[in-house]
Amino acid sequence: MSDDTKEYEVGYGKPPKTTQFKKGCSGNPKGRPKGAKGVNASLKRELEAKITVREGNHETRISKAEAIAKRFTAGALKGDTKLLMALLKLDADLFGGTDDGSEQASAALKGPETVDYDILRDFFSSQQDGDGDPEDDEVEDDGS
């Protein structure tokens, strides 16, 4: 035997030289099986699946992603402030990426400012207190 094999001790964590990976050869030569899919692929497939939804008097078949979007926007329109804030953030993420280089596009990329959130919060809190008319919020002086 040569000197290389005599010095090398085979044991735990030290496989025989003949069974070690060869240089330039992949550790997983067969690769991922064709049937195996990742979590992202499974989630995408599930969101693309069609379901039947009743809108008014008729039923339509839409994807689960569309159903989620409809429910999300309907909740925001009904006055759910958390959904509205999330929808505003998504709107900036989805539609803010224009390439015209304008100042408006760069403002849209930054998203709504805190002043915008304060205005919306005040608006929806007044909607919950009354009918939202600004005249109702002012104190009337009857002269007495």
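Criteria and cut-off values
Residues numbered from 1 in each chain as written. Predicted model: local features only at pLDDT ≥ 70, side-chain atom pairs only at ≥ 80, totals over all residues. Heavy atoms only, no water. Salt bridge = Lys/Arg side-chain N within 4 Å of Asp/Glu carboxyl O. Buried < 20%, exposed > 50% of the residue type's maximum accessible area, 1.4 Å probe, protein only. Helix = DSSP H or I, 4+ residues; strand = E, 2+ residues; numbered from the N terminus. Expected span 1.5 Å × (residues − 1). Arc of directions from axis to C-beta. Polar contact = N/O pair within 3.5 Å; in protein donor to acceptor, adjacent residues only side chain to side chain. Pairing = 2+ DSSP bridges. Patch = residues over 30% accessible without salt bridge, like charges linked within 9 Å, V, L, I, M, F, W, Y side chains within 5 Å. Areas by Shrake-Rupley, 256 points an atom, 1.4 Å probe, with all protein chains shown as cover. pLDDT = per-residue confidence, 0-100. Contact = heavy atoms within 4.5 Å.

Participant: In this structure, what is going on with the pattern of salt bridges? I would like to understand it.
Facilitator: Opposite charge on two side chains permits pairing when their charged atoms draw close. On inspection of all chains with the given rule, the structure shows four salt bridges. Here R54 and E59 are joined by a salt bridge, their closest N and O atoms 2.8 Å apart. The same class applies to R54 and to E59, which are both exposed. The partner of D118 in a salt bridge is R121, and the shortest N-O contact between them spans 2.8 Å. Of the two residues, D118 and R121 are both situated in helix 6 (residues 114–129); the distance of three residues between them amounts to about one turn of the helix.

Participant: Sorry, what's going on with helix 4 (residues 81–95) here?
Facilitator: Residue pairs three or four apart in sequence face the same way in an α-helix, which turns once every 3.6 residues. Taking 1.5 Å per residue, 15 residues should reach 21 Å; helix 4 reaches 21 Å between its end C-alpha atoms and fits that length. Those residues of helix 4 lying buried are L84, M85 and A92. Down the axis of helix 4, the buried set is contained in an arc of 100°. They therefore lie on one face. Turned more than 90 degrees off the buried face of helix 4, the exposed positions are K82, D93 and L94. Capping the start of helix 4 is the job of one residue whose side-chain oxygen sits 3.2 Å from the backbone nitrogen of K82: D80.

Participant: What is the right way to read the pairing of strand 1 (residues 50–55) from this model?
Facilitator: Note that strand 1 and strand 2 (residues 58–63) share six bridges and pair antiparallel. The partner of E55 across the bridge, within strand 2, is H58. The hairpin turn running from strand 1 into strand 2, its antiparallel successor, is two residues long, and G56 in that turn takes a positive phi close to 70°.

Participant: How should I be thinking about a nonpolar patch on the surface in this particular structure?
Facilitator: Judged by side-chain polarity, L43, L47 and I68 come together as a nonpolar surface patch covering roughly 260 Å² of accessible area. By secondary structure assignment, the location of L47 is in helix 2 (residues 39–48).

Participant: Sorry if this is basic, but what is going on with the confidence of the model for the chain here?
Facilitator: For any part of a model where pLDDT is low, the fine detail of the predicted coordinates should not be relied upon. Residues at a pLDDT of 70 or more form 72% of the chain, whose mean pLDDT is 76. The least confident element of the chain, judged by mean pLDDT, is helix 7 (residues 134–137) at 48; the most confident is strand 2 at 94. Residue range residues 98–102 is modelled with pLDDT below 50. Its contacts to residues more than four positions away, or to other chains, number two contacts. The low-confidence segment residues 134–139 (pLDDT under 50) makes one contact with residues lying over four places distant or belonging to another chain.

Participant: Is there a simple way to explain the environment of G79 in this structure?
Facilitator: Within the secondary structure, G79 is located in the loop between helix 3 (64–78) and helix 4. Look at G79 and you get buried, because its relative accessible area is 18%. As a C-alpha pair, G79 and S125 span 46 residues in sequence and 9.6 Å in three-dimensional space.

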